[in-house]
Amino acid sequence: MDEQRQDPQRPRAPAWNPYLATCPTRQVLDCIADKWAVLVLGLLLGGTRRFGELRRDIQGVSQKMLTQTLRSLERDGIVRRDAYATVPPKVEYSLTTLGESLATTLDELRLWAERNIEGVLRHRETFDAAAGESVSASAKGR
């Protein structure tokens, strides 16, 4: 295999390592690993949405949390915010090219959760039952 040579005039790209505490990729992972971000990106895969539509379609998200999530995603270049000077003001959110690549990847995670939730729930039930037996057995041994 031919070795590629580094141009001495061109600076080397940093070797990102999210396992290091100081690596900025951790900040991105914090943002995209958030359940609200995953759900927002999943809805935006279907096309442009207004804030009210997102809030209505994501049950349980507060206005404050949705606003923070959208701002964070916009800051990272994942979501585009378009504001229109109308009365009342109209704001729409859509995915950037970077956001589309991320949303497609994260949507696989959502689909995995949907396909596997029954197995996860069964394992939780078995685990919790065994943990309960363990606690009651140790209480008897006192």
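Look a little higher up for the structure.
Notes on the structure in this doc start here.

The rules behind each value
- Residues numbered from 1 in each chain as written.
- Predicted model: local features only at pLDDT ≥ 70, side-chain atom pairs only at ≥ 80, totals over all residues.
- Heavy atoms only, no water.
- Helix = DSSP H or I, 4+ residues; strand = E, 2+ residues; numbered from the N terminus.
- Buried < 20%, exposed > 50% of the residue type's maximum accessible area, 1.4 Å probe, protein only.
- Contact = heavy atoms within 4.5 Å.
- Areas by Shrake-Rupley, 256 points an atom, 1.4 Å probe, with all protein chains shown as cover.
- Axes fitted to C-alpha atoms, helices over the stretch in contact; angles between N-to-C directions.
- Parallel < 35°, antiparallel > 145°, perpendicular 65-115°, else oblique.
- Nonpolar A, V, L, I, M, F, W, Y, C, P; charged D, E, K, R; others polar.
- Polar contact = N/O pair within 3.5 Å; in protein donor to acceptor, adjacent residues only side chain to side chain.
- Pairing = 2+ DSSP bridges.

Broken down by element type, the protein carries five helices and three strands. Ordered by position in the sequence, the α and β elements of the protein form the string α-α-β-α-α-β-β-α. A burial count over the protein gives 22% of its 142 residues as buried. Considering only contacts in the protein between residues 6 or more positions apart, those separated by 24 or more positions represent 41%. Total accessible area on the protein is roughly 11,400 Å²; 53% of this is exposed by carbon and sulfur atoms.

Right, let's talk about the packing of helix 2 (residues 35-44) against helix 4 (residues 63-75) for a bit. For the pair helix 2 and helix 4, interaxial distance at closest approach is 10 Å and the crossing angle is 75°. If you check the angle between helix 2 and helix 4, you find them roughly perpendicular. From helix 2, Trp36, Ala37, Val40 and Leu41 reach across to helix 4, where they touch Met65, Leu66, Thr69, Leu70 and Leu73. When its residues are assigned to classes, the contact of helix 2 with helix 4 shows eight nonpolar, one polar and no charged.

The set of residues buried in helix 2 consists of Trp36, Ala37, Val38, Val40, Leu41 and Leu44. The distance from a side-chain oxygen at the start of helix 2 to the backbone nitrogen of Trp36 is 2.9 Å, and the residue carrying that oxygen is Asp34.

Note that strand 2 (residues 79-84) and strand 3 (residues 90-95) share six bridges and pair antiparallel. Each bridged residue has a counterpart across the sheet, and for Arg80 the counterpart in strand 3 is Ser94.

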